[in-house]
Amino acid sequence: MRFDRRLATHFEWLLPLLVLAVCAMGTMTVYSATQATGEHGPSPLTTRQFFWLGAGCFGMVAVLLFDYRRLEPVALIAYLVVLFGVIAVPFIGRIGGGSRRWIPLGPVSLQPSEFMKLALVLVLASHFSRTRPGPLGLREALLPLVLTAIPAGAILAQPDLGSAAIVAIVAFTMLVLGGVRLRWFAALGAPVVVLAPILWRHLKAYQQRRILTFLNPDMDPLGAGYHVIQSKIAVGSGMLWGKGFLQGTQNHLNFLPEQHTDFIFSVFAEEWGFAGTIILMALYLAIVLRCLLIASHARDRFGVMLVLGMAGIIFWQAVINVGMTTGLMPVVGIPLPFFSYGGSSLLCLLVGTGLAMNVSMRRYFF
Amino acid sequence: MVAVAIAYVAFTLVGVRLWYLQLEKGEEMRSLSEHNRIRLVRLPGSRGVVYDRHGEILIDNRPSFDVVFVPEDARDRRKTLQNLAHYLGDTEPAIHQAVRAPSKRPPYEGIVLRRDVDWEGVVALETHQLDLPGLSLQVVPRRFYPFGSLAAHLLGYVGEVNESELRESELREGTSTYRLGDLAGKAGLEKAWDNDLQGSAGGEEVEVDALGRRVRVLQQVPDMPGNTLTLTLDRDLQETAENALGASDGAIVALDPRNGEVLVMVSHPAYDANIFARGIHRDEWRNLVQDPKHPLNNRAVQGQFPPGSTFKIAVAAAALERGAATPATSLSCSGGIPFGNHFFRCWKKGGHGTVSFHTAIVQSCDVFFYTMGQRLGVDPIAEYARRLGLGVPTGIGLEHEKTGTIPDTQWKRRRFDQPWFSGETLSVAIGQGYVTATPLQMANFAATVANGGTRYRPRYVKRIDSPDGTSSRETEPEVLGRADLKPSTLAQLHSAMRDVVMNDSGTGKKARVVGVEVAGKTGTSQVVTMGEDRERSNKGAEATRDHAWFIAFAPVEAPEIAIACIVEHAGGGGGAIAAPIVQQILAHYFSRSQGPLPGAPQQAAAPPPGTEGAHAF
């Protein structure tokens, strides 16, 4: 590779610093959440999270070494490979928490649905790079919808409602920001409203229960509702300054479900208080705004859409996850980006960050 | 830009929410978390009660007490456990081991230290509650089998759900209705009807004090008991059958040939399901599993035995239908026939002389059926055997049901990659060789012959009621197949089977019941090869002795009950050993419908005991 001085001049510093700050807080909280009572030293899960953080940083740097435009022609292939993984999960997957989501690969297990989020952003960006800017009609929206519906359906069947929802929402975001007019979504949305009751019957019993519990938490105070209540207690009891690192009682007395993955925010909020949570929220906001800024300066439409997609992934997962642990939204399995325990998610997000940096650094290349 | 605005708005909303929870309501939430002593106590739903056909309770629930320990509530664990050991008269190490046992339980949910504590223990723990912080007694419904080992294999038993069962049920239904530690059916109808019997769990939100004692119940979702099952089983008749079989190993199945209802299902040796209900000890379990007689196996559906001469009924049906014999066919039996370089013997050493079709069945002449086998070939025999329900699953819906083997040329090629040798047909014709069947199949075989060729699916559940009595569902008779036998064939079979019991020259006359026309067929199936050494083997080691079979139905004109009985390694023939057992069951069955009968009517007709027993087929 020819060294280009402009790369150094325009190196994107802010985004990785913001991201790594969140990663550091996340790893620390994973440590606290998985710390067994009365034991010392990091839990095996924390060690694993460190490993994934390292692998992710390596990936983030690796994707800086080539021009992101080279990804445009291979986006579809990457998408198809990941799609194959998503569809293969029911057959070769490992079971966890009532569904098959992981594919064992040597010493690690990968979660193809996490890779799907990134692959979908790539393939949609590549699609929009070939459309003209400005308002788009139904024809330009059709292919992206198909590209989204197939993996979303497969993930929903795993069953993994949370990941399926994120895939759909991120795709929707890219379509709207890509210029597809909202009225087309209204036209497409109408049948969904009609089909909802039919879809409802095909949801698994526990998914129905979760939605019903969200609509009326008192209905099931002993099941899902209990966890939301305990999560809210955990968050609220952090008050201004928190109970201190490793001092969260809700966390260590196991009142929280999934405390190192989907409910990790409650652990953090309990231990670091409002001071901690508002800093974390500010970091997420800064990451999203930085991505939007990078997108607005990108030199081509592929770059714009790529970064917007990444921003979408980070934004929606952060808002929905925090909303869910604070009782604003229904409990669906969505990890807190850069924060929750989970290798596939962390790796994909860091690679995605690398791509956004790549777009930022090559903005003056023509 | 819209996107920037949306990002600001969303994070502001979240920020406001956090401000509200952490600052505005922070004080309240902090105090809630400090006094977070609200615990979820799960109340597993009690399992459904099971009745026999006359409303007698076969499986019930009884309240029992478990000792539950929440370590987080105990200031001084050692002290609490020491005290517990003292009050229960238990050794400390055993209790410490229970505490250390690995479990994925959340700490506030408690460890079950002792199950089913006796009354004295309950009183001791209740009175010394203050010495035992962190301990509590939990009322748990336990399964109770009032008749112990009666019909143990049909009823089955329960045990704690294990992790693999949990995962299986999670995968099947998205989420499991079970939790680790819940009871689930592990065998018999407890397993087969688990979905119905299993109640739905309720729960309580309980506030506890600093010592883990309940202060009050905040909220309660009542549990729902499981459905009530009414079986087709007749407890009274079952008991008669179990007693008649006594200490022998074997199985008895009685069906109603009119609809396939299971009246009796015995498998010996049996076990007492109550030991599973209270939590089986490791060495008890090891003894059951390692017992060479396999008491946990339900021989009625899992035991595959050569049917011996009872199989001649299927051969006779094939012979009449295919024209290999007519009622007028007559053959000469001189004690055996040569085939190839082998001499196939009749069980009667001197031979039967001239035998008609009828007497061939009545006296169970082997030579006659060797000849039928030669004339028919194996495939038609196999076809009629299958039509009558052998070699195919009965579909009763009990775990691990075996299908037995009805060999034919195709089967031989598939199984051994060899052609069928015609000499093998001779063994098949007398129910030996590769032929095997389960006792349930033989009972259904008798029932199918009895009712004129309709093969019903055997059913042991008659009615399913919801616990509140609002809904009730009856199971319906289900026809699985028809044998399509000519009325003349059936008439011949019925008349010959009747004379097996009712004629003085019949091999099954020990099954006679005064006042009822009984039809039957004896069988003695060999465990070792045919030949001279059988006499010796029947006096030798138990494992080499013959099995004794008897199948029967009655009354001949309008059959209400069909029975198959096998006594394993009886060391005697079906007529001597199995027929008297069936006689007792029939006598009991008909004494109820026709009033009491004078006892032991079979004695008058019984032949002198002795050599007869060893030979009668």
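Provided above is the structure to which this section pertains.
Reference entry: report on the structure contained in this document. (Residues numbered from 1 in each chain as written. Chains lettered and ligands numbered in written order. Predicted model: local features only at pLDDT ≥ 70, side-chain atom pairs only at ≥ 80, totals over all residues.)

1. A closer look at the packing of helix α14 (residues 312–322) of chain B against helix α16 (residues 366–376) of chain B
All names here are of chain B.
Inference 1: Contact geometry for α14 and α16: axes closest at 10 Å, N-to-C directions at 50°. Accordingly, the angle class assigned to the pair α14 and α16 is oblique. Taken as a pair, α14 and α16 cross one another with a handedness that is left-handed. For the pair α14 and α16, contact is made by Lys312, Val315, Ala318, Ala319 and Arg322 and by Phe369, Met372, Gly373 and Leu376, respectively. (Axes fitted to C-alpha atoms, helices over the stretch in contact; angles between N-to-C directions. Helix = DSSP H or I, 4+ residues; strand = E, 2+ residues; numbered from the N terminus. Parallel < 35°, antiparallel > 145°, perpendicular 65-115°, else oblique. Left-handed = near helix turned anticlockwise from the far one by under 90°. Contact = placed C-beta atoms within 7 Å.)

2. Notes on unusual backbone geometry
Among all residues except glycine, the phi angle is most often negative; among peptide bonds, the trans geometry is most common.
Inference 1: With an omega dihedral of 0°, the bond running from histidine 268 of chain B to proline 269 of chain B counts as a cis peptide bond.
Inference 2: Relative to the helices and strands, proline 269 of chain B is located in the loop between β12 (261–268) and α11 (274–277).
Inference 3: The backbone phi angle of methionine 239 of chain A is positive, close to 50°, even though this residue is not glycine.
Inference 4: Relative to the helices and strands, methionine 239 of chain A is located in the loop between α10 (224–237) and α11 (249–252).
Inference 5: Overall, methionine 239 of chain A belongs to the buried group, with 20 C-beta atoms counted inside 10 Å.
Inference 6: Of note, histidine 569 of chain B is a non-glycine position whose phi angle comes to about 45°, a positive value.
Inference 7: Judged by the 18 C-beta atoms lying within 10 Å of it, histidine 569 of chain B is partly exposed. (Buried ≥ 20, exposed ≤ 12 C-beta atoms within 10 Å, placed from the backbone.)

3. Regarding the packing of helix α12 (residues 264–297) of chain A against helix α1 (residues 2–24) of chain B
Inference 1: The geometry of α12 of chain A relative to α1 of chain B is characterised by a closest axis approach of 10 Å and an angle of 180° between their N-to-C directions. Considering their axes alone, α12 of chain A and α1 of chain B lie roughly antiparallel with respect to each other. Seen from α12 of chain A, the contacting residues are Ala269, Gly273, Phe274, Thr277, Ile278, Met281, Tyr284, Leu285, Val288, Leu289 and Leu292 of chain A; seen from α1 of chain B, they are Ala3, Val4, Ala7, Phe11, Val14, Gly15, Leu18, Trp19, Gln22 and Leu23 of chain B.

4. As for the pairing of strand β13 (residues 330–333) of chain B
Residues and elements named next belong to chain B.
Inference 1: Here β13 shows a buried face lined by Leu331 and Cys333 and an unburied face lined by Ser330 and Ser332.
Inference 2: Sheet topology note: the β13/strand β16 (residues 353–356) ladder contains four bridges and is antiparallel. Its bridge partner lying in β16, serine 332 is registered against threonine 354. (Pairing = 2+ DSSP bridges.)

5. A look at the sheet that holds β12 of chain B
All names here are of chain B.
Inference 1: Read across the open sheet, the five strands follow the order β12-β11-β23-β22-β21; overall the sheet is antiparallel. The sheet is open, and its two borders are formed by β12 and β21 (519–525), each paired with just one other strand. On average, each strand axis in the sheet is tilted by 5° relative to the strand beside it, whichever way the strands run.
Inference 2: Across seven bridges, the pairing between β21 and strand β22 (residues 547–554) is antiparallel.

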